[in-house]
Each structure stands twice: as structure tokens, then as C-alpha cells.
Amino acid sequence: MPRKQLAMTRVRSRRSLSRLSFCLALLLFLPRVPPVHAQVWTLGPDPILSIGGLSEDPDYILSEVVGGLRLNDGSIVLADRFTNGLRVYDSDGVFIGDIGGSGEGPGEYEHIRGLDRCAGAPVVAFDLHWDMKRYDENLQLLDERSSLLPGIGGTPYSFDCGPSGHWFATGWGNRGAHFQAGYFVATAPVVLGMGDSILVDFGERLSSERIGTARDDGTPTGSGPHPFGRRTSLAIGPNRVYMGDGGDFRIERFDLRGDSLPWVEWDGPDLEITKEHLDIYGSVRLETVSSAQKPALRRWLKALSEVERFPAYDALRVDPVGNLWVRYFRKPGEADSRWVVLNEAGNLIGGITLPRSTKLLDIGSDFLLVVGKDDLDVESVHLFRLDRSGTGR
């Protein structure tokens, strides 16, 4: 039997293993207070194609997929940490080849972290510190670009780049200030630029809310993001730049010159952090560590109460037609990840809910590419048809 036919047989058999449970978990919803013209978008009942799932073939074993794109010819490119590079599949889900891998040479990765379409290239892969590798439509490496950007004091903490070459970034701030015990707020400059030039410096903004760790004698050892803390999220579309820290359901908007536009505001769910939320989160975390680690974790958990409200959202994306996708922060005990969508005029036009273990990879005019896990924590990537007409329900 030819290789492609064999591979297709494997793809179809793998789809049946996890498709049913995965599809049943995809639920649609409207924003809580939608405008008059809000529409309900729907997904097709079954994936157009699926890649991964249970398999003995290493070409179809996925682990820590951190990015994915569907190209114009229908092929799928995945950023996969199992291979620390790109995995390429044709429009039927059949494996074509790997690109990159671990190393320090041209086209190799230290720790691949994502994919995007930006900086004038159909495929851009990001390495550990947001260093870029730009590829053409045939996935030939065009060039590599450093993430040492002007105006932010080093490598980015949050970063996005646009199709016309603009970039939007916030830095880490004072790294020395990150060595303190307990809860604190890290701030850093936010800058809009193009190439090596700064277009707008928005000044010092919140970078992230953090919790510092310390040894038993009180000596600070570092810090990490507060699990319920705010952070500045950034996104660039064809005509707009978006920024927000999740303090409420409001997002700042600018044009590509950095000139301010009316803010986007809407009503959303209650953000109060309750004792129940803290108990759920703490019990789950304590189950994951050894008895020897529990005392240190309990000390760390006490710092969580310093934050009284959840962030309203924790991620921003812009689709090809310029709509802004906003991911609501998922609270402890909530099973699903919810997205709402606003058009360039700032109106809520729809929303979608994805299962807890599912990550949105790529948004097209008529499709969504997602990665999810089954009950055995086995990863698979699914391409679904997206109906934006509002007539599919």
C-alpha cells in the first residue's frame, strides 16, 4: 500500500479515538450583555481533519504544541516542543516533514514558543526570548531576527507583531526588583515600534502581578506570575493596536501610528475571588507536590489572598478580518475557556467556549485550528469549520 494511503488510514483511525469526546465539549455561547446585532457563530460537528492522538508512529506523536497555522494551500504547520521545531502536514493531515530542532545553528531552536503570521512573512516562529525565524510560503528560512528591542530594556515579557512589520512589546522591568518575597507588582515600558525604530513609547505600565519565593531563612530566590494576577496583553491587527491589563472589561485601542482611539468597554462576569476559589486552587496544587514540598507551597499559597479580583481576560488575538478575540480568565473550578469577539467598531459580535484542555492555535475566515488533550492527556490537533453567519444555530 502506498505511504500516503497508509498514513491516511492511520489518521482516520486516530480521529475516531478522541473526536467524540472532544467535539461534545465544544460549546457555543453569547456574551452576557450582547449588543442588538450580536451573532452566534458555530463550529462544524466534526473536524475537517485531525492530527495526533494515540499513535505508535513518531511522525504523529505530538507533545506541547505551542503554535499552529493553516497555510493557503491547506497544509498545517505546528510548533511542537517534542521535536523543538516545526512539524508540517499536508491538507489531508499526512506528515510531510520536520524543520528545525534543538541547537544553536541557523534554523534551530533553544525552546520554541509559538507561531504567527507577521513581519511580512506567512510563517514566523518564535524562540525562547521571542527571537524570530521568518519562513516563506515554501517554509524556506528567510532570516532570523533578534528580540533585543529598543525601549524596553532587553527582551520582551509580552510581545506581538503585525503583518506590516509593526511590533508591540512590554519588557520585564527592573529584574533586580523581582527578587523579593510575597506579592508585588512588576512594571515595565510598553513600546510600539517598527524594525529598529520606536514609534510610540506608552511609558511605564503594569507588566505582571507576581509572587516572590524565598528560602526558609527569608532570602528571596526569584518570582513567578501570580496565578490570579493581571498582566498586560498586547495584540496588533491590520489597522489597530490593542492593549489591556485585565483590570476590567476594557481595552485600549490605537491606530498603527499610536494615536489613541476610543476604548472598548463591555459587561462581563463577576471577578470577585472567593474563599472557595482559593480552596479549589490550593487543593489541586497540593496534590501535585511531595510531602516535603508542601510546607513551602502552603507559604506561597498564603500570598494569593493579596489579590481580591480575577483578571477580566488574559489573552488577545486579532483574526484576518480585524476582529479582536478576547479570552476570559478561567477561574478555579471552571471547566472551559471562553472567548468573546469584538469587531473594529468595538461591538461584541459573538463568542465561543473551548474545553479546559484546548488551546486556540489559528483563526481563519471560516475555520478554527485548535489543540486539545483526551482523557489520557494525549494531544491532537483539530481543524474545524467556523460559521460566522449567525444562522448555524
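Caption draft 1: Quick peek at the sheet that holds strand S14 (residues 182-194). Pairing is antiparallel in the open sheet, where five strands are placed in the order S12-S13-S14-S15-S16. Here the strands that pair on one side only, and so sit at the sheet edges, are strand S12 (158-161) and strand S16 (220-225). The average angle at which neighbouring strand axes cross in this sheet is 25 degrees, direction not considered. As paired elements, strand S15 (residues 197-214) and S16 share five bridges and run antiparallel to each other. Bridge pairing links Gly212 to Ser223 in S16.

Caption draft 2: Highlighting unusual backbone geometry. You will see that Glu64, though not glycine, has its phi angle at about 60 degrees, which is positive. For Glu64, the position within the fold is in the loop between strand S3 (49-52) and strand S4 (65-70). Overall, the relative accessible area of 43% leaves Glu64 in the partly exposed class. Despite not being glycine, Asp377 shows a phi value in the positive range, around 65 degrees. Note that Asp377 resides in the loop between strand S26 (367-373) and strand S27 (379-387). A residue is classified by how much of its surface remains accessible, and Asp377, at 56% relative accessible area, is exposed.

Caption draft 3: Summary view of the pattern of salt bridges. Summed over all chains, the structure comprises 16 salt bridges. Between Glu64 and Arg81 there is a salt bridge whose closest N-O contact spans 3.6 Å. Residue Glu64 is found in the loop between S3 and S4, and its partner Arg81 is found in the loop between strand S5 (76-80) and strand S6 (85-89); the two are separated by 17 residues along the sequence. For Asp143, the salt bridge is made with Arg145, and the minimal N-O distance between the two is 3.6 Å. Overall, the relative accessible area of 37% leaves Arg145 in the partly exposed class. Salt bridges sharing partners connect three or more residues here, namely Asp127, Lys133 and Glu144.

Caption draft 4: Expanded view of the packing of helix H2 (residues 275-286) against helix H3 (residues 294-302). Where H2 meets H3, the axes come as close as 11 Å, and the angle between the chain directions of the two elements is 160 degrees. The angle between H2 and H3 falls in the class roughly antiparallel. Note that H2 runs across H3; the crossing there is right-handed. Packed against H2, whose contacting residues are Tyr281, Gly282, Arg285 and Leu286, the element H3 presents Lys294, Leu297, Arg298, Trp300 and Leu301 at the interface. Class assignment of the residues belonging to the contact of H2 with H3 gives a composition of five nonpolar, one polar and three charged.

Caption draft 5: Broad picture of the packing of aromatic side chains. All told, the structure shown has 16 aromatic pairs when counted by the stated rule. Seen from their ring centres, Tyr89 and Phe95 are 5.5 Å apart, and the 65 degrees between their planes marks the pair as edge-to-face. Judged on exposure class, the residue Tyr89 and its partner Phe95 are both buried. Between the aromatic rings of Trp325 and Trp339, the centroid separation amounts to 6.5 Å while the plane-to-plane angle is 65 degrees, which identifies the pairing as edge-to-face. Taken together, the residues Trp325 in strand S22 (residues 324-328) and Trp339 in strand S23 (residues 336-342) connect sequence positions 14 residues apart. Owing to a relative accessible area of 1%, Trp325 belongs among the buried residues under this scheme. An aromatic cluster of at least three residues, connected via ring pairs, comprises Phe228, Tyr281, Phe310 and Phe329. Directly above the aromatic system of Phe367 lies the positively charged group of Arg70, at a separation of 5.0 Å from the ring centroid. A cation over a ring is seen here: Lys133 above Tyr109, with NZ or CZ 4.5 Å from the ring centre.

About the cut-offs
- Residues numbered from 1 in each chain as written.
- Predicted model: local features only at pLDDT ≥ 70, side-chain atom pairs only at ≥ 80, totals over all residues.
- Heavy atoms only, no water.
- Pairing = 2+ DSSP bridges.
- Helix = DSSP H or I, 4+ residues; strand = E, 2+ residues; numbered from the N terminus.
- Axes fitted to C-alpha atoms, helices over the stretch in contact; angles between N-to-C directions.
- Buried < 20%, exposed > 50% of the residue type's maximum accessible area, 1.4 Å probe, protein only.
- Salt bridge = Lys/Arg side-chain N within 4 Å of Asp/Glu carboxyl O.
- Parallel < 35°, antiparallel > 145°, perpendicular 65-115°, else oblique.
- Left-handed = near helix turned anticlockwise from the far one by under 90°.
- Contact = heavy atoms within 4.5 Å.
- Nonpolar A, V, L, I, M, F, W, Y, C, P; charged D, E, K, R; others polar.
- Phe/Tyr/Trp six-rings, centres within 6.5 Å; stacked < 30°, edge-to-face > 60°.
- Lys NZ or Arg CZ within 6 Å of the ring centre and 35° of its normal.

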